[in-house]
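So the chains spell out like this:
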Amino acid sequence: MKIVHLIKTTTGATWALRQITELIKYGCDIHVVLPDSKNLYQKYIDAGATVHILNVDIAQGRRPLQLAKSLHAFRNLVDNIHPDIVHSHFVGTTLFMRIALKDHKVKRIFQVAGPLHLENPVTKNVEIRLADKYDYWIPTCQLSKDIYLKSGIEENKLMLTYYGTDISLYVPKIQGVLKTEFDIPKQKQIVGMVAYAYAPKKWLGQTRGIKGHEDLIDAMQIVCHDNPNVMCVIVGGAWVGASEYFETVKAYGKEKLGEKILFLDTRKDVPDLYPDFDIVVHPSHSENLGGAGESLLMGVPTIATNIGGFPDIVIPNETGWLVPVKNADSLANAIKEALSNTELAHIFATEGSKRVRNILDVEKTSKDVHDFYKKILES
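Residues numbered from 1 in each chain as written. Predicted model: local features only at pLDDT ≥ 70, side-chain atom pairs only at ≥ 80, totals over all residues. Heavy atoms only, no water.

A closer look at the sheet that holds strand 12 (residues 321-323)
On the basis of which strands lie adjacent, the open sheet formed by six strands has the order 9-8-7-10-11-12 and parallel pairing. Each edge of the open sheet is held by one strand with a lone partner, namely strand 9 (261-265) and strand 12. Neighbour-to-neighbour, the strand axes of the sheet open up by a mean angle of 20°, direction not taken into account. Of the strand pairs in this sheet, strand 7 (residues 189-194) and strand 8 (residues 230-235) are connected by six bridges, and their pairing is parallel. Bridging from a neighbouring strand, Gln189 pairs with Val230 of strand 8. (Pairing = 2+ DSSP bridges. Helix = DSSP H or I, 4+ residues; strand = E, 2+ residues; numbered from the N terminus. Axes fitted to C-alpha atoms, helices over the stretch in contact; angles between N-to-C directions.)

Laid out in structure tokens, this is it:
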């Protein structure tokens, strides 16, 4: 079968690249539409995909003439390729796809990378109302699927699976490099966070970044007041356009925690840092699975906010702790409980690792997608 995938960036979305690589192994003839020939561009080619350069993000609508040209070019591209399915991975590319192919009978899939746009009634309604009988969805967390069902989308139009990963790359280790590199005493307990910093989107009413860096800092101020033997380490730099915002986060952290917080910015050796984390916290305001899958794969006790896809894998009293979003007191209490019950925390982490290794294996998740292709083409 011939599938066209729409990717709005060559900077990130490695999860889409992994899936496409596996689909090619299943025998799919994959065409990928990218905005430029930078960064991950060559990796798509190396995987065996045919790559086309075209901006298919609706965000270019701020330049109406350019948008009209792109819509026309995309329609011509689809007519030339004659795909069985067009598969989009972003809200912006999905809106573009549906507008461009409004009178086209090709079947279309929106693989929903996260529930953010579904949590806003305006963006949710725009996305759903642009769909027609040729549209299908792959929600990648239970919350997204539930929202679509409640919005009137039929069950046979939906297939829940996750963006998988190469689980062989995640091998829990006993010894980390963090304490040695920064001369941190062995007995020091470390609360870690691994996430890029995204600047607040004011048009969505956000006053803090969506990853919740400031919330963790507030919680750690409470924790450190009661436990002088604990510190916070935040790994991950500023995402594109968020450098100024991230500097304010660093300043806020130093103001609240002083020497008890360490910012490592972007690292290429993150798996080697995990063994020195006693806990990893994911305090996001909106998220799919985020980094919780990674911390559980590495066998590290995990705390997350009770939003998005986190409850799919972080299950209270089984695989970790869930706390209310934007609630520093609840987050601090969970951190203190996990740090004081290390045996229980590691039991949870071990169970969590088993769970995510089963559901996040990219070979399994890609087979789910391939099977869904066959199902909708037979319908």
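Past the structure itself, the notes keep going.
Quick look at the pattern of salt bridges
This model, assessed by the stated rule, comprises 19 salt bridges. Note that Arg267 and Asp269 form a salt bridge whose closest N and O atoms lie 2.8 Å from each other. Across the salt bridge formed by Lys364 and Asp368, the nearest N and O atoms sit 3.1 Å from each other. Here Lys364 pairs with Asp368, and both are found in helix 15 (residues 362-378), just four residues apart, close to one helical turn. Judged by its relative accessible area of 37%, Lys364 is partly exposed. (Salt bridge = Lys/Arg side-chain N within 4 Å of Asp/Glu carboxyl O. Buried < 20%, exposed > 50% of the residue type's maximum accessible area, 1.4 Å probe, protein only.)

Comments concerning helix 8 (residues 213-226)
Given a rise of 1.5 Å per residue, 14 residues ought to cover 20 Å, and the 21 Å separating the end C-alpha atoms of helix 8 matches this to within 8%. Counting buried positions along helix 8 yields ten of 14 residues, so the element is predominantly enclosed. Along helix 8, the positions that sit buried rather than exposed are His213, Glu214, Asp215, Leu216, Ile217, Asp218, Ala219, Met220, Val223 and Cys224. The secondary structure elements touched by the buried residues of helix 8 are strand 7, strand 8, helix 9 (243-257), strand 9, strand 10 (279-282) and helix 13 (328-340). (Expected span 1.5 Å × (residues − 1). Contact = heavy atoms within 4.5 Å.)

Structural notes on the state of the cysteines
On inspection of all chains with the given rule, the structure shows zero disulfides. Left without a disulfide partner, Cys224 is nearest to the cysteine sulfur of Cys232, which lies 7.7 Å away. Given the relative accessible area of 9%, Cys224 is considered buried. You can call Cys232 buried: its relative accessible area is 0%. (Disulfide = S-S within 2.5 Å.)

Regarding the side chain of Gln19
Take Gln19: it is sitting in helix 1 (residues 14-25). With relative accessibility at 2%, the residue Gln19 sits in the buried group. Not counting residues up to four positions away in its chain, the partners in contact with Gln19 are His5, His87, His89, Gln111, Tyr163, Val362, Ser366 and Val369.

What about helix 6 (residues 142-150)?
Those residues of helix 6 not exposed but buried are Ser144, Lys145, Ile147 and Tyr148. All buried residues of helix 6 lie within an arc of 160° about the axis, which places them on one face of the element. Of the surrounding secondary structure, the elements contacted by the buried residues of helix 6 are strand 5 (107-112), helix 5 (121-129) and strand 6 (135-139). Phi turns positive one or two residues past the end of helix 6, at Gly152, with a value near 100°. (Arc of directions from axis to C-beta.)

With respect to the packing of aromatic side chains
Scanning the model with the defined rule gives ten aromatic pairs in all. With a centroid separation of 4.4 Å and 50° between ring planes, the pair formed by Trp15 and Tyr163 is classed as tilted. Of the two residues, Trp15 sits in helix 1 while Tyr163 sits in the loop between helix 6 and helix 7 (178-181), which places them 148 residues apart along the sequence. Look at Trp321 and Phe348: their rings are 5.1 Å apart centre to centre, the planes differ by 65°, and that puts the pair in the edge-to-face class. (Phe/Tyr/Trp six-rings, centres within 6.5 Å; stacked < 30°, edge-to-face > 60°.)

Section: the pairing of strand 3 (residues 50-53)
When strand 2 (residues 29-34) meets strand 3, the two strands line up parallel, connected through four bridges. Across the sheet, the residue bridging to Val33 is His52, located in strand 3. A crossover links strand 2 with its parallel partner strand 3, the connecting element being helix 2 (residues 41-47), and its sense is right-handed. (Right-handed = clockwise from strand over helix to strand, strands pointing away.)

Regarding the sheet that holds strand 5
Taking strand neighbours across the sheet as the criterion, the six strands line up as 3-2-1-4-5-6 in an open arrangement whose pairing is parallel. The two strands at the open ends of the sheet, each matched to only one other strand, are strand 3 and strand 6. Shown here is a sheet whose adjacent strand axes are inclined to one another by a mean of 20°, direction ignored. The pairing of strand 5 with strand 6 spans five bridges and is parallel. When the bridges of strand 6 are listed, Val112 appears paired with Pro139. Lying over the sheet, helix 4 (residues 91-100) contacts strand 1 (2-6), strand 4 (85-88), strand 5 and strand 6, oriented at roughly 165° with respect to strand 5.

A few points about the pairing of strand 10
Taking every second residue as pointing to the same face, both faces of strand 10 are buried, with Ile279 and Val281 on one and Val280 and His282 on the other. Viewed along the sheet, the connection from strand 10 through helix 11 (residues 292-297) into strand 11 (residues 302-305) turns out right-handed.

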